[in-house]
Amino acid sequence: QVQLVESGGGLVQPGGSLRLSCAASGRFFSIRAMGWYRQAPGKQRELVATDTAGGSTNYADSVKGRFTISRDNANNTVSLQMNSLKPEDTAVYYCKAEIGPLSNRLFYDFWGQGTQVTVSP
């Protein structure tokens, strides 16, 4: 009953910007950490940025200074502002959230379906 829906992907030129958004919907008790991962063809999925919901953020070295993750806890959303995009950023971007479906303080990882980001001249 829990869904994570990403939006905002697309085609952009190098140096351009995109903003990805992810909204959690369905029945659940709480959300702990939320973050973004990406996977390019032939490569493993890698962490891009995370936010613990307590204000602590973490970024991959490759995106530090260019990407910004933000949370809107009231609306159960997480966004990723991507600036100064490079061709190396081309990948499918996935939203992940640690969601507690019940009030027992147990959390599980939920993944969105992914959204394509293509950076090309």
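This one's a predicted model, so the numbers in the text were calculated from it and none came from an experiment.

**Structural notes on the state of the cysteines**
- Per the counting criterion, the structure on display carries 1 disulfide.
- One disulfide bridge connects Cys22 with Cys95, the sulfur atoms lying 2.1 Å from each other. Taking the torsion about the sulfur-sulfur bond, which here is approximately -80°, the covalent link between Cys22 and Cys95 counts as left-handed. Remark: Cys95 occurs in strand E9 (residues 91–100) and Cys22 occurs in strand E3 (residues 18–25); sequence separation between them is 73 residues. Here Cys22 and Cys95 have matching classes, each one buried.

**Section: the nonpolar core**
- The biggest cluster of nonpolar side chains holds 30 residues, and the ones touching the most others in it are Trp36, Val48, Phe67, Leu80, Met82 and Tyr93.
- For this core, the secondary-structure elements that each account for two or more residues are E3, strand E4 (30–39), strand E5 (46–51), strand E7 (67–72), strand E8 (77–82), E9 and strand E11 (115–119).
- With 5 residues, the top contributor of residues to this core is E9.
- Sequence-distant contacts of Met82, that is, excluding residues within four places in its chain, are made with Gly16, Ser17, Leu18, Leu20, Arg66, Phe67, Tyr93 and Val117.

**Looking at the pairing of E9**
- Burial within E9 is extensive, with 9 of its 10 residues counted as buried.
- Direction of pairing for E9 relative to E11: antiparallel, over a ladder of 3 bridges. Paired with Ala91 across the strands is Val117, a residue of E11.
- Where E9 meets strand E10 (residues 108–111), 4 bridges bridge the pair, whose relative direction is antiparallel. Across the sheet, the residue bridging to Lys96 is Trp111, located in E10.

Conventions adopted
- Residues numbered from 1 in each chain as written.
- Predicted model: local features only at pLDDT ≥ 70, side-chain atom pairs only at ≥ 80, totals over all residues.
- Heavy atoms only, no water.
- Disulfide = S-S within 2.5 Å.
- Helix = DSSP H or I, 4+ residues; strand = E, 2+ residues; numbered from the N terminus.
- Buried < 20%, exposed > 50% of the residue type's maximum accessible area, 1.4 Å probe, protein only.
- Core = buried A, V, L, I, M, F, W, Y, C linked by side-chain atoms within 4.5 Å.
- Contact = heavy atoms within 4.5 Å.
- Pairing = 2+ DSSP bridges.

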